[in-house]
Amino acid sequence: MFSHTNIRPNEKVHTLTALYSIKLIASRFQKAKLRCVFNGKKDLYGIHYLYKSSHTPRAATVRLFLALDLAAYPRLEVGDVPQAFLQSPLQQFKNVQRILVCFPQDISPRDEHGNTIVYEVIGSIYGMKQAPYNFEQTLAKFLTKLNFTRSQADPTLWFKPGILVLVWVDDISIRATPECSEAFKTAMNREFGSCGFGPLTHCIGLTIIRNPKTNCIGFHQADFIQTLQKRFRITPNPKLTTPLPPGLYTSDKQLHGALLSPEDRKTYLQICGCLTYIATWSFPSIIYATSLLATDMQAPTKTHMQFARRVLAYVTARPYHGICTKLPKDISNFSVQDKLANGFAPTATLNHNKNILRIYTDANFGKERGYRSRGCVIITLNGAPIEFKSIPQSLVSLSTSESEVIAGSDGLKYILHLRHLMQEIGITQPSTSFLCDSQNAVTWWKNGTRTQRNLHFGVRHARVSEEHQNKTVTIRHCSTEHMVADMGTKQLSGPKHHHFESLLMTDMADVEL
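Starting from 1, residues in each chain are numbered consecutively following that chain's sequence as written. Thresholds applied to this predicted model are a pLDDT of at least 70 for local features of residues and 80 or more for the giving and counting of side-chain atom pairs; totals over whole chains, interfaces and linings are not thresholded and use all residues. By convention in this description, side-chain values take in all heavy atoms of the structure and omit both hydrogens and water.

Draft legend 1. Focus on the overall build of the chain. Counting its regular elements, the chain contains 12 helices and 22 strands. Only protein chains enter the area calculation, which uses a 1.4 Å probe; residues under 20% of their type maximum are buried, those over 50% are exposed, and those in between are partly exposed. Scored against the burial criterion, the 513 residues of the chain give a buried share of 51%. Here, residues are in contact when the closest pair of their heavy atoms is within 4.5 Å. The contacts in the chain between residues at least 6 apart in sequence include a share of 73% that link residues at least 24 apart. In this description, accessible areas are obtained by the Shrake-Rupley approach with a 1.4 Å probe, and a residue is regarded as covered only by the protein chains that are shown. About 24,200 Å² of surface is accessible on the chain, with carbon and sulfur atoms providing 52% of the total. Secondary structure elements are taken from DSSP: a helix is a run of H or I of four residues or more, a strand is a run of E of two residues or more, and numbering for both begins at the N terminus.

Draft legend 2. Looking closely at the packing of helix α1 (residues 59–67) against helix α9 (residues 400–424). Lines fitted to C-alpha atoms define the axes, with helix axes restricted to the stretch in contact, and inter-axis angles between N-to-C directions lie between 0 and 180 degrees. At their nearest, the axes of α1 and α9 sit 12 Å apart, and the two run at 45 degrees to each other. Relative to α9, α1 is oriented oblique. For α1 against α9, the interelement crossing comes out right-handed. Where α1 abuts α9, its residues Ala 60, Thr 61 and Leu 64 lie against Leu 418, Leu 421 and Met 422. Split into classes, the residues belonging to the contact of α1 with α9 amount to five nonpolar, one polar and no charged. Any angle between 65 and 115 degrees counts as roughly perpendicular, while under 35 counts as roughly parallel, over 145 as roughly antiparallel, and the rest as oblique. Definitions for this section: a left-handed crossing has its near helix turned counterclockwise from the far helix by less than a right angle. A right-handed crossing has that turn clockwise. Classes in brief: Ala, Val, Leu, Ile, Met, Phe, Trp, Tyr, Cys and Pro nonpolar; Asp, Glu, Lys and Arg charged; the others, Gly included, polar.

Draft legend 3. How the structure looks around the packing of aromatic side chains. Only centres within 6.5 Å qualify two rings of Phe, Tyr or Trp (six-membered ring in Trp) as a pair; their planes then separate them into stacked at under 30 degrees, edge-to-face at over 60, and tilted for everything else. What the rule picks out here adds up to 10 aromatic pairs. For the ring pair Phe 184 and Phe 197, a centre distance of 6.2 Å and an interplane angle of 75 degrees mean the geometry is edge-to-face. In this pair, Phe 184 is assigned in helix α3 (residues 178–192) and Phe 197 in the loop between α3 and β12 (198–199), connecting sequence segments 13 residues apart. Take Phe 184: its relative accessible area is 4%, and that puts it in the buried class. Residue Phe 197 is classed as buried on the basis of its relative accessible area, which comes to 17%.

Draft legend 4. Representation of the pairing of strand β9 (residues 157–160). Paired strands, as defined in this entry, are two strands with at least two bridges between them according to DSSP. In this sheet, β9 lies alongside strand β8 (residues 149–150) in antiparallel orientation, the contact comprising two bridges. Looking across to β9, one finds that Arg 150 is bridged to Trp 158. Between β8 and the antiparallel strand that follows it, β9, lie six residues. Here β9 runs beside strand β10 (residues 163–168); their pairing, made up of four bridges, is antiparallel. Residue Phe 159 lies in a different strand from β10, and its bridge partner there is Leu 164. What sits between β9 and β10 in their antiparallel hairpin is a turn of two residues, with Gly 162 showing a positive phi close to 90 degrees.

Draft legend 5. Representation of helix α10 (residues 439–447) within the structure. Of the residues making up α10, those classed as buried are Ala 441, Val 442, Trp 444 and Trp 445. Around the axis of α10, the buried residues are gathered within 160 degrees of arc, so they sit on the same side. Note: the arc covers the axis-to-C-beta directions of the helix.

Draft legend 6. Spotlight on the nonpolar core. Throughout this description, the term nonpolar core refers to a set of buried Ala, Val, Leu, Ile, Met, Phe, Trp, Tyr and Cys residues connected via side-chain atoms within 4.5 Å. Of all hydrophobic cores here, the largest spans 96 residues; its most connected members are Leu 66, Leu 68, Ile 208, Leu 293 and Val 315. Residues within four places of Val 315 in sequence aside, it is in contact with Ile 225, Leu 275, Ile 278, Phe 283 and Ile 286. Of all hydrophobic cores here, the second largest spans 36 residues; its members include Phe 103, Met 128, Phe 184 and Phe 197.

Draft legend 7. The arrangement of unusual backbone geometry in detail. Even without being a glycine, Asn 147 presents a positive backbone phi close to 70 degrees. At Arg 233, a position not held by glycine, the phi torsion is positive, near 55 degrees. Checked against the element boundaries, Arg 233 lands in the loop between α4 (222–232) and α5 (262–281).

Draft legend 8. A look at the sheet that holds β9. Sheet architecture is open: six strands sit in the order β8-β9-β10-β11-β5-β12, paired in antiparallel fashion. Taken across any chain shown, the strands that pair with only one partner, and hence form the sheet edges, are β8 and β12. Taken together, the two bridges between strand β5 (residues 75–80) and β12 define a ladder with antiparallel strand orientation. When the bridges of β12 are listed, Glu 77 appears paired with Pro 199. In the packing of helix α2 (residues 131–145) onto the sheet, the strands contacted are β8, β9, β10 and β11 (171–176), and the crossing angle to β9 comes to about 10 degrees.

Structure (structure tokens):
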């Protein structure tokens, strides 16, 4: 990566920065590192780089990658390309200036006169703005040479028959058959050096497990959640049955009150950031709570802080709750006695076929601040939620049915994207079950009815109706008591929240790695 050189007039020498670090996985020591990095803040566009970014996978892609049926891709492994950025050439363009560097004084090689040796950079080094992009291009050329195809839906996913490769900078995760796995690992080690492939047990803060009894894959964030107890001095409260008090909305007057001090506001922002990270990746039962708390980030009150700490107490009492693929009869333990005691009629199971997508959409009406409505979208694969959103709608709805139509049109965008991704990797999707609990919205979509009452949102209404007629999706009515997306539109009562949470999440405390 470096070539010994002499300094020409008017050339600048950059001193590399030595970074000492310890790498931990699941709070356990893995290795210590010393890395000399370039100060990328001084990089200038057109002089030091033209392209600087690399792709990172979407959260839904990662969850889909993990949720695929084990029969088709039994191997689940990960490797780390050693010194990845150093294995990529610099970008070549006209009028490029030489990049000269020297090592920090305490570790710098010196010539016979005691002077610091200066080097010309001929390859990417850590800290350069162009380094991630350069390695991505190097890896892309290599995977293309191995006859992999890059996904158009998510450029971090590569595939060919028998193997899927998910790239997160220099971490290479694979789902493959045994034969394809061994061939790919051999090629990677030959090209980039020993990549240390092994079972995928941790990924971007997620702990990955495989249930030996059912052979299902799951993931949770227990290690991160448990650190929040000490960080924010939270006492876990297993007696809490819901993250927030039932029936709480952003328009609720009890959220008004005295503002937090600047120091407490900073703590509140940190709590919201941690909760959003947890909810985004592995805890769909708190997506409504985190969205509500994030609504008032600029001017939170003491009541907001109380509710934020309540959600943390709820989550820390369930650190091993996460997302897990399930068998059709393995999804709900909500008994007949629970039904009689709580007056709530649950569904027995979230019916699903292997590797087939299903979408649930729901909305409340006029309950948010400014009389807006809130929509929720949940998409499942093999019994596991791989996409879940709870977002206030941008339009003010004039009726319950209209808010449901808007939620459905928002959900359509996500399901079309995931259908495209599944079909790219060779898993054909039949018409996707599109479940909604509004009979009026279902009738409008199926009949394509256009009236004076729905002209103002006709485009949203027409697109879903068109996809139904094309049999891309099949619109179906789903009763409210079976609508799992209901938990993303409001804070439900304890029994109903617990039931939907048990459908979407699994307690993996007793499952060994």
